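What the coordinates show
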Amino acid sequence: MRSFLHIPAEESGDGLVLTHGAGADCRSRLLTAVAGAFAEAGFLVLRCDLPFRQRRPHGPPSPATSALDREGLRRAVGLLQKETHGRIFLGGHSYGGRQSTILATEDKSLAAGLLLLSYPLHPPRRPLHLRTAHFTELATPALFVHGSRDPFGTLKEMTEALQLIAASTRLLEIDGGGHDLLPRNSAAEVPARIVSAFQEFFR
């Protein structure tokens, strides 16, 4: 598994597994920036590639192998558990976040909470094809971070979808953010905002 471990100068004891979306890998600008911000806040962060990206460097994942991607996330959580004594959080960008939510319904004790960056609520221009069938089974608290210009779901659609989840949730809105969440005029501020909202939510 290709991965990068971000070791904080002063550890809080908590750990975070972060993974990428369908069109990227764990070296994406967003994931690198968010992982760095969490490490500065005291989190031990494991930034890792999903199995589909390990098999081939380009191209989208296949629905037929999504279970293998979730198993990769499970292994990543296990690795991080050996390195820290605190809570373990799980999350990712887009496809990685979606697989994290599905895994959390399959193993409700795996993670203390979820960080979901640009959850892909539906394919662009196909609002009826919702990816929320498992939301009613989600019992893990989750922070959703979503841009106001994300074609995979409007903020209104996200707000409505979160009502399906019985667990505690919060939606952090990134004004001007697209699916990559980093607006040109305030890209440096976004990771710090995410960490602050995450710490407040999971205090």
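The text that follows walks through the structure, step by step, so that each part is easy to find. (Residues numbered from 1 in each chain as written. Predicted model: local features only at pLDDT ≥ 70, side-chain atom pairs only at ≥ 80, totals over all residues. Heavy atoms only, no water.)

Some points on the overall build of the protein
What the protein contains, in helices and strands, is six helices and seven strands. Taken from the N to the C terminus, the helices and strands of the protein come in the order β-β-α-β-α-α-β-α-β-β-α-β-α. A globule of 203 residues ought to have a C-alpha radius of gyration of about 17 Å, and the protein, at 15 Å, matches this closely. Considered along the principal axes of its C-alpha atoms, the protein spans approximately 45 × 40 × 35 Å. Looking at the protein as a whole, 55% of its 203 residues qualify as buried. Contacts in the protein between residues far apart in sequence, at least 24 positions, make up 74% of those at least 6 positions apart. Of the roughly 9,400 Å² of accessible surface on the protein, a fraction of 52% belongs to carbon and sulfur atoms. Positive and negative side-chain charges of the protein, numbering 23 and 20 respectively, have mean locations separated by a distance of 7 Å. (Helix = DSSP H or I, 4+ residues; strand = E, 2+ residues; numbered from the N terminus. Rg over C-alpha atoms; globule rule 2.2 N^0.38 Å. Buried < 20%, exposed > 50% of the residue type's maximum accessible area, 1.4 Å probe, protein only. Contact = heavy atoms within 4.5 Å. Areas by Shrake-Rupley, 256 points an atom, 1.4 Å probe, with all protein chains shown as cover. Lys, Arg positive; Asp, Glu negative; His and termini not counted. Charge placed at Lys NZ, Arg CZ, Asp CG, Glu CD.)

Quick word on the nonpolar core
Formed by 32 residues in total, the largest nonpolar core has its most connected members in Val17, Leu90, Leu114, Phe144 and Met158. Those residues in contact with methionine 158 that lie beyond four places of it in its chain are Tyr119, Leu121, Phe144, His146 and Leu171. One finds Val145, Leu182, Val190 and Val195 within the second-largest nonpolar core, a separate group that totals 26 residues. (Core = buried A, V, L, I, M, F, W, Y, C linked by side-chain atoms within 4.5 Å.)

Looking at the pattern of salt bridges
With the rule as written, the count across this model stands at nine salt bridges. We note a salt bridge from glutamate 71 to arginine 74, for which the minimum N-O separation is 3.3 Å. Taken together, the residues span about one helical turn, with glutamate 71 and arginine 74 both in helix α3 (residues 66-81) at a distance of three residues. Glutamate 71 gets classed as partly exposed once you look at its relative accessible area, which sits at 33%. Where salt bridges share partners, they join Arg2, Asp25, Arg27 and Asp49 into one cluster. (Salt bridge = Lys/Arg side-chain N within 4 Å of Asp/Glu carboxyl O.)

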